[in-house]
Amino acid sequence: MSLSFNPDTIPLPVGHFIDGELVSAEGAMEMRRPSDGKSYAACPVAGVDLVDRAVESAKAALKASNWGGVRPRERTKALHAWADLMEAEAQTLARIEALSSTRPVGQLVAGDIAVTAEQIRFFAEFADKEGSELAPTDDASLGMIMSEPYGVVGAITPWNFPISMAGWKLGPALAAGNAVVLKPSEMTPFSALYMAELAVRAGLPSGLINVVLGDGPKTGTALTSHPEIAKVSFTGSTRAGSAIMENVARTGVKPMTLELGGKSPQIVFADADLDKAATAIAGSVTFNAGQACVAGTRLIVEKSVADRLTASILEKIKAMRPGPTWEEATQYSPIISERQRARVDGIVRAAVAAGGECLTGGTFMESRGYFYQPTLITNVRQHNPAIVEEIFGPVLTVQTFETEEEALALSSHPAYGLASGLFTADLSRTIRFARRLEAGTVWVNRYSRSRDHILPTGGYKRSGIGKDLGREAYLANRRTKSVLITL
Ligand code: NAD
């Protein structure tokens, strides 16, 4: 059966999800579909009162269900049931998401939703396998490092992969025994409401997941300031991450995980499999139209193969099929909003004004939605805006090098260190680069995550603090207490 659908026929859950129920609310912020620019809904904006209600509901759910204190396997089983239901309802969830976001429906079902369900199962399995430790002490005493949940976690997510980002936050926090108040992005908030509804239908206690809709300054600030929010888990821009740190410092110290922006390099040596490298690089810069934190947007290629590699990338990106997110065959996404598309275009123009040369693209696509042409810019120096700015669009810069030292110097960014890619057949060089690249992730001869979920993700420098995914993400949702007993 085709996954394509008519976006005008899909009912959306508009409101907040508190204590296991949809609380309807007036929309305050107009929303337009990225695929055709049509106004389709308005996003409500929760204030302090509603955030307070959501936090109270989370606290009450923890108390009534004893979620943090039940036999851990009970948490595992409940989370597995939620993941199963998410997969069973994948088509409905995908339609809600594809309607309003940049994610094509086909990629949602095969990718975002399937992977998120699997990640929730991955985290669920930690609940009864990771625990407290005995400390080595003398015979006359017993030392314990007790591991406990925080309580209520406040999570804030961006718009670029709304289901995956919600899953990254909810999976480990719930498995670790916490409740969550989640504020999804005001641009793509509806899939999180449906995920929360599915959790209740799957048997998770009502109130364990609460979703408040709204913007950053009002709703986000109310959430991060709340005295009963024990930990903040944020994914978004470095700018908003700084604002959150400032607000938390002002309103009360609490632990934070911050997954922030990036400007990741992909370094290609002449001995690499160039066809494989071209496929990975073209894929990374066109996937979700470059609107990914880890998008490998800076190609740094050995001079002797630069023309060959660039020609191959050009051929591959031109073959991408754009289309509305509600059509199954769509491969290439629109930009999230008209404003963001204008920003992408502004940086491309500034890059050209600073001496850059567009090999392809460099302007809007002729279509109703907010599409931007995949763009390759060459002749760029380190201070060029296309090298410095996180563009968050389908723009790849091309720089060349002749020595390893030159490649390393070009790959370094003054602010960001999220991910990096290296393509080479030389094992010793791989290790040298893995040691010296200043990034939280180094992908070698590939540019994508595995579906194993065990490798943590997170940034160096201003790309963030702490990790999502992996064992680290589970442990980041528990705190430890030292207990020392004199016998
Ligand atoms: P954004 O920072 O504008 O918004 C992210 C979320 O933060 C939204 O829900 C927003 O409402 C909220 N927010 C904004 N200001 C806030 C404030 N002062 N207090 C509390 N909440 C606030 O980011 P975006 O445009 O939605 O997403 C794109 C950014 O996210 C890019 O920079 C991208 O690199 C980053 N990102 C990082 C990762 C990662 O894993 N490192 C993953 C995805 C996206």
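The rules behind each value
Residues numbered from 1 in each chain as written. Predicted model: local features only at pLDDT ≥ 70, side-chain atom pairs only at ≥ 80, totals over all residues. Heavy atoms only, no water. Helix = DSSP H or I, 4+ residues; strand = E, 2+ residues; numbered from the N terminus. Rg over C-alpha atoms; globule rule 2.2 N^0.38 Å. Contact = heavy atoms within 4.5 Å. Lys, Arg positive; Asp, Glu negative; His and termini not counted. Charge placed at Lys NZ, Arg CZ, Asp CG, Glu CD. Domains from an automatic or database assignment. Buried area = accessible area lost by both parts, 1.4 Å probe. Salt bridge = Lys/Arg side-chain N within 4 Å of Asp/Glu carboxyl O. Near = heavy atom within 4 Å. Polar contact = N/O pair within 3.5 Å; in protein donor to acceptor, adjacent residues only side chain to side chain. Areas by Shrake-Rupley, 256 points an atom, 1.4 Å probe, with all protein chains shown as cover. Nonpolar A, V, L, I, M, F, W, Y, C, P; charged D, E, K, R; others polar. Axes fitted to C-alpha atoms, helices over the stretch in contact; angles between N-to-C directions. Parallel < 35°, antiparallel > 145°, perpendicular 65-115°, else oblique. Left-handed = near helix turned anticlockwise from the far one by under 90°. Core = buried A, V, L, I, M, F, W, Y, C linked by side-chain atoms within 4.5 Å. Buried < 20%, exposed > 50% of the residue type's maximum accessible area, 1.4 Å probe, protein only. Pairing = 2+ DSSP bridges.

Q: Quick rundown of the overall build of the protein? Include the residues and the values.
A: Across its full length, the protein holds 15 helices and 22 strands. Against the globule reference of 23 Å for 487 residues, the protein gives a C-alpha radius of gyration of 23 Å, in line with a compact fold. Referenced to the eigenvectors of the C-alpha coordinate spread, the extents of the protein come out at roughly 70 × 65 × 45 Å. In the protein, once contacts between residues fewer than 6 apart in sequence are set aside, the share between residues at least 24 apart is 75%. Charge centroids of the protein, computed over 50 positive and 52 negative side chains, lie 1 Å from each other.

Q: Tell me about the domain arrangement of the protein, and name the residues and values.
A: Its domain assignment divides the protein into domain 1 (7–260 + 464–486) and domain 2 (265–454). With centres defined by C-alpha atoms, the gap from domain 1 to domain 2 works out at 30 Å. Contacts between the two partners involve 35 residues from domain 1, matched on the other side by 29 residues from domain 2. When domain 1 packs against domain 2, the two sides together hide about 2700 Å² of surface, and 62% of this comes from carbon and sulfur. Three residues, S35, T102 and W159, lead the burial of domain 1 against domain 2; their summed loss comes to 20% of the area buried on that side. On the surface where domain 1 and domain 2 come into contact, there are zero salt bridges.

Q: So what's going on with the site of the ligand? Which residues, and what values?
A: In the region of the ligand, 31 residues are neighbours, and K183, E186, S237, L260 and E390 sit closest. Between the ligand and G216 there is a distance of 3.3 Å, counted from an oxygen atom to a backbone nitrogen or oxygen. Within the side chain of S237, one N or O atom sits 2.6 Å away from an oxygen atom of the ligand. Contact with the protein chains removes 90% of the 850 Å² of surface that the ligand exposes when unbound. Breaking the shell around the ligand down by element, the ones donating at least two residues are α5 (162–175), α7 (216–225), β10 (231–235) and α8 (238–251). No other element matches α8, which puts four residues into the shell around the ligand. Grouping the constituent residues of the shell around the ligand by class yields 14 nonpolar, 11 polar and six charged. Of the domains in this structure, domain 1 (7–260 + 464–486) and domain 2 (265–454) are the two that each give at least three residues to the shell around the ligand.

Q: So what's going on with the packing of α7 against α8? Which residues, and what values?
A: A pair of packed helices can be characterised by two numbers: the angle between their axes and the separation between those axes. The N-to-C vectors of α7 and α8 enclose an angle of 45°; their axes lie 9 Å apart at closest approach. Looking at the two axes, α7 sits oblique to α8. The hand of the α7/α8 crossing is right-handed. Side by side, α7 and α8 meet where T221, T224 and S225 of the first sit next to I244, N247, V248 and T251 of the second. Its residues assigned to classes, the contact of α7 with α8 shows two nonpolar, five polar and no charged.

Q: How would you sum up the nonpolar core? Please name residues and give values.
A: With 87 residues, the main nonpolar core has L79, W82, L174, F190, L204 and V211 as its most contacted residues. When residues of this core are sorted by domain, at least three fall in each of domain 1 (7–260 + 464–486) and domain 2 (265–454). Dropping the residues within four chain positions of it, F190 is found in contact with L12, P13, V14, M31, Y40, A41, I96, S100 and L213. Counting residues in each nonpolar core, the second largest holds 26 residues, with A280, L299, V301 and V398 among its members.

Q: Break down unusual backbone geometry for me, with residues and values.
A: You will see that N66, though not glycine, has its phi angle at about 50°, which is positive. For N66, the location among the structural elements is in the loop between α1 (48–65) and α2 (72–88). Taking relative accessible area as the criterion, N66 reaches 42% and is therefore assigned partly exposed.

Q: Run through the side chain of K169, naming residues and quoting values.
A: Structurally, K169 can be placed in helix α5. A distance of 3.0 Å separates polar atoms of two side chains, one belonging to K169 and the other to D468. Beyond its immediate sequence surroundings of up to four residues, K169 is in contact with A155, I156, T157, S233, F234, T235, E259 and D468.

Q: Lay out the environment of V294 with the relevant residues and their values.
A: Relative to the helices and strands, V294 is located in the loop between α9 (274–286) and β13 (298–302). Given the relative accessible area of 14%, V294 is considered buried. Sequence separation of V294 and D273 is 21 residues, and the distance between their C-alpha atoms is 22 Å.

Q: Explain the sheet that holds strand β12 (residues 265–268) residue by residue, including any values.
A: The strand order β14-β15-β16-β13-β12-β18-β19 describes an open sheet built from seven strands, whose pairing is mixed. Looking along the sheet, the strands with just one partner apiece sit at the ends: β14 (357–360) and β19 (441–444). Direction aside, the axes of adjacent strands within the sheet are offset by 25° on average. When β12 meets strand β18 (residues 419–423), the two strands line up parallel, connected through three bridges. Residue pairing in the sheet places I267 in a bridge with L422 of β18. Across the sheet, helix α13 (residues 404–411) touches β12, β13 and β16 (395–401), and the angle it forms with β16 is around 150°. Taken strand by strand, helix α14 (residues 427–436) contacts β12, β18 and β19, and its axis lies near 165° from that of β18.

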